[in-house]
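# Chains, contacts and geometry: an overview
The primary structure of each chain is shown beneath.
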Amino acid sequence: MNALEVRGLVKHYPGVKALDGVDLVVRPHEVLGLAGENGAGKSTLLKALVGLVAPDKGQILVRGEPVKLRNVVDAADHGIGMVFQEQSLVPNLTAAENIVLGSEGAAVRRGVYRWDTMRRLAQEQLDKIGSNIDPLARTDTLTFAERQMVEIAKVLRIEERSQHPPVIILDEPTSVLESKEIETLFAQIRRLREFASVVFVSHRLDEVLDVCDRVTVLRGGRSVGEVATAGAVPRELHRMMIGSTGSDDHYHGNAATPVVSEQPRLSVRGLSGRSFQDVDLDVAAGEILAIVGVHGSGREDVCRALFGAEPTTAGEIRMDGAKIELPSTRAACAAGIGYVPAERKVEGMVGSMSVAENMTLAKQKARCTGPFVAPRKQATLVDRWIRRLSIRTPRRDTAIGRLSGGNQQKVVLARWLVGGDVRLLLLDHPTRGLDIGARSEVYRLMRELASSGVATVLLADSLEEAIGMADRILVMSDGRVTAEVACPNGGKPSPLDLVKEMV
Amino acid sequence: MSTSVAIKPPVEPAVGKERTRLTGFMPLIALAALIAALTIADPDFLTQRSLTAAARTAAPLIVLAAGATLVVLCGGIDLSIAALASLSTVFLALWIPDLGGLATPAVILVAAVIGVLQGAAHVLLRIPSFIVTLGGMSILSAVALVVSGAGTVRVVDDSTVKWLDLYVGGYVPMSVMVAVIVVALIAVLLKVTPLQSWVSATGYSESAARLAGTPVDLVKIGAFAVSGACAGLAAVMLVSRQFSGGPTMADNLLLPAVAAIVVGGTAITGGHGSVWRSLAGALVVTLLRVGLPIVGVPSAYEQILYGAIIVVAVALTLDKSKVSIIK
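Residues numbered from 1 in each chain as written. Chains lettered and ligands numbered in written order. Predicted model: local features only at pLDDT ≥ 70, side-chain atom pairs only at ≥ 80, totals over all residues. Heavy atoms only, no water.

Attention shifts here to the domain arrangement of chain A. All names here are of chain A. Along its sequence, chain A is carved into domain 1 (4-242) and domain 2 (264-494). For domain 1 and domain 2, the distance between their C-alpha centroids amounts to 34 Å. Facing nine residues of domain 1, the contacting portion of domain 2 comprises nine residues. Put simply, domain 1 and domain 2 have zero salt bridges between them. Summed over the shared surface of domain 1 and domain 2, the number is zero residue pairs in polar contact (both at pLDDT 80 or more). Counted by class, the side of domain 1 that touches domain 2 contains three nonpolar, three polar and three charged residues. (Domains from an automatic or database assignment. Contact = heavy atoms within 4.5 Å. Salt bridge = Lys/Arg side-chain N within 4 Å of Asp/Glu carboxyl O. Polar contact = N/O pair within 3.5 Å; in protein donor to acceptor, adjacent residues only side chain to side chain. Nonpolar A, V, L, I, M, F, W, Y, C, P; charged D, E, K, R; others polar.)

Let's shift gears to a nonpolar patch on the surface. All names here are of chain B. A contiguous nonpolar surface patch, about 540 Å² in accessible area, is contributed by V168, Y171, V172, M177, I181 and L185. In terms of residues, the nonpolar patch owes the most to one element, helix α6 (residues 174-192), which gives three residues. Checked against the element boundaries, M177 lands in helix α6. Relative accessible area serves as the criterion here: at 34%, M177 is assigned to the partly exposed category. (Patch = residues over 30% accessible without salt bridge, like charges linked within 9 Å, V, L, I, M, F, W, Y side chains within 5 Å. Areas by Shrake-Rupley, 256 points an atom, 1.4 Å probe, with all protein chains shown as cover. Helix = DSSP H or I, 4+ residues; strand = E, 2+ residues; numbered from the N terminus. Buried < 20%, exposed > 50% of the residue type's maximum accessible area, 1.4 Å probe, protein only.)

What follows is about the pairing of strand β6 (residues 80-83) of chain A. All names here are of chain A. Taking every second residue as pointing to the same face, both faces of β6 are buried, with I80 and M82 on one and G81 and V83 on the other. The pairing of β6 with strand β9 (residues 167-171) spans four bridges and is classified as parallel. Bridge pairing links G81 to I168 in β9. (Pairing = 2+ DSSP bridges.)

A separate point is the nonpolar core. Soluble globular proteins tend to bury their nonpolar side chains together. If you look at the biggest cluster of nonpolar residues, it comprises 175 residues, and the most contacted ones within it are A:L266, A:L281, A:F307, A:I337, A:M359, A:L426 and A:I473. A per-element tally of this core places helix α2 (residues 48-73) of chain B first, with 15 residues. If near-sequence neighbours (up to four positions away) are discounted, A:I337 is found in contact with A:L306, A:F307, A:M319, A:I324, A:L326, A:A332, A:W416, A:V422, A:L424 and A:L426. Formed by 50 residues, the second largest nonpolar core is a distinct cluster that contains A:V155, A:L185, A:V198 and A:F200. (Core = buried A, V, L, I, M, F, W, Y, C linked by side-chain atoms within 4.5 Å.)

Within helix α7 (residues 195-204) of chain B, seven of the ten residues are buried, which leaves it mostly tucked inside the rest of the structure. Those residues of α7(B) not exposed but buried are B:S197, B:W198, B:V199, B:S200, B:A201, B:T202 and B:G203.

This part takes up the layout of surface pockets. All names here are of chain B. Of the voids in this model, the second largest pocket is the one considered here, and its volume is about 570 Å³. In terms of lining, the second largest pocket is formed by 23 residues, of which the most central are R126, E206, R210, V216 and D217. Residues of the lining of the second largest pocket, tallied by class, amount to nine nonpolar, six polar and eight charged. (1 Å grid on protein atoms, 1.4 Å probe; cavity = no way out; pocket = protein on both sides within 12 Å on 5 of 7 lines; lining within 4 Å. Points joined across faces, edges and corners; volume = space filled by probe spheres on them.)

Quick look at the pattern of salt bridges now. Considering all chains together, one arrives at 32 salt bridges over all chains under this definition. Salt-bridge contacts for A:E226 lead to A:R214; the nearest nitrogen and oxygen are separated by 2.8 Å. Residue A:E226 is found in strand β12 (residues 222-228), and its partner A:R214 is found in strand β11 (residues 214-219); the two are separated by twelve residues along the sequence. Residue classification places A:R214 among the buried residues on the basis of a relative accessible area of 6%. Among the ionic pairs, B:R210 bridges to B:D217, the shortest N-O distance being 3.2 Å. Several salt bridges converge on common partners, so that one network encompasses A:K410, A:E441, A:R444 and A:E448.

Moving on: helix α1 (residues 42-49) of chain A. For an α-helix, the turn length of 3.6 residues means that residues three or four places apart are oriented alike. All names here are of chain A. Counting buried positions along α1 gives six out of eight residues, so the element sits mostly inside the fold. Those residues of α1 lying buried are K42, T44, L45, L46, A48 and L49. Backbone geometry just after α1 places G51 at a positive phi near 80°.

Take a look at the structure:
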């Protein structure tokens, strides 16, 4: 009997059909992969499985019995639990408190915590996944990967609620993990399979193929296919996801133009700050420079420092030969520097504000006549960029939060282009959380900008991305630049070459 | 959704649009409903005299709330407005004999400067605006007591502020005209300049605003300056009615001003709202204050009704689709 089955699930949102009769089968003790682009209906489906979304039509069957899931607790009673993409732990509580939170059971007697019992309960959960995290450690002292383990341990408590093997859903668990941590997580998933069924969702097809037994592909709110992972290749899956063969040249490498420039656009000497020391780097006009490094290498802070958002203690920054000071983000904007932050939803955009307002936020001059906003000028400008970047939005005054991730990111990028004065773009994980199609469009846009003479510093989401996009790669480690690797089209280094330099 | 295989862009749902438009008018609807209810309770309420009286009472509150709305829109709060207005009444009463007509702009300027100081303390020392202005409230109250000698300062020759207590066309109090003009000025200034974007962005998401090069610090200090100046103007209105300044004269306007802002539907968490909403909110709050006794609600029940109506009004006017977290 199937551990979990979904039949013909339909969910309408005003104007969109998020789920259009999706079918899904999860067998006992298997790892099922769920693949699909943004907007394919993955998140709605997952939410329906844990009772956060009430489907309009269709059935959810747990071990053959049709069930109605009203909320997360209800789902847990049926043995379904989810590890959310955005972590849901309370940072100032201990790991143990988080693990029992919401289902304290024996850990609370007469309204009072019994710490010994709680630690024992938590330890039991941690033992299940073979983790050696101290249950009494405060959650905010743990690393992201450790916190994820705590979440898995927490979800596993649903085992106590039903006698049957649980179904554990992992929503994009790898998106912020380093490769070593991903390995650990995969080992964990394989271990989970012994006593549970796992639904694994990821953007990265190689991962899906690596860890799953079977993959169900969603497109446009339907299940469009199922693949046994043994012997499957990413390209085949990709084709099912987008409904056609993707471009072979994902990174648009053919559009790359050789850099010819005597004087570097950006020249940094001896830049030091809280988490980086003595950083030298040059970027020429039209060049894409990627900085790679593990977590804690300081590359994010260097990027922020170049935008005036992180204080520096020493060093010199020159733009086109002229020395500049960056005491504030405003100064950086004025100097023709643009920055796309990694946390799009929190730092990149203002979700409740319109596409037009978000697009013109940094370059107010572009929509103003004198000190006043000129509505017609703004409309023309915004519409032009909506067309040029093919941003899919109902109207220019639609709230940006309602667009898909890829379109949001294009608006955030457009913010720096509308002024026509951007000379240097700092892109901090510009493709994080985007699906393949949207990624490809962002890559194309980066190429276009580079060929128009914009210098780019890229903190890539993966080594492959860095290698695919960059003309040159800097390796950072412990706050210092440790190596520089040329990365011309036709002479790309392998990821292994870079990893050697990183550790 | 951004692949070459185009999925139709989500169509803006008609229902959601209707609802947004409706919540935009909610403060006005609440105001109309309140007037209707008061009229039903006592048909005599809807006379020109009582309406004029209510409007006159509302004027200083409208100005106070409008100024503080800017700070709230930026995601902060200004608790010092009432104490600053009290202090300003004292300054005005003390300065009129020497400065005459210049006393009014002088008081408004000083109040604005005090606002700037608080804003700068909030921004530069990175202290929450709640704390800065709580301290400010206490300090300003104490200064008012010291400066005034802990007593009312009479204005003997009130010719320079008397104009505010006149009536336009015999019916509309001048102070109300001024209050509406101030609200309109702030609203237009926001609307036609990038300030609207800057204020909203700062209020919704300060980090995003900062990373887009928005002059967040200046915007916030500016909001406090306007809030201070408005407190100064409210003080002028109070003095023109009472012919005196007093160290606690405006103190009881703090909570009504905050109530006016939230009843108008401005999110206390920042970003969403407008000064027009606060104008409607100030009228609702004032009508409740003066209206409930007029229609004969016993004073013991007045507070209960007041509290209940405020909460219900906020439930109606706040557009929850625009505010993700309600704290």
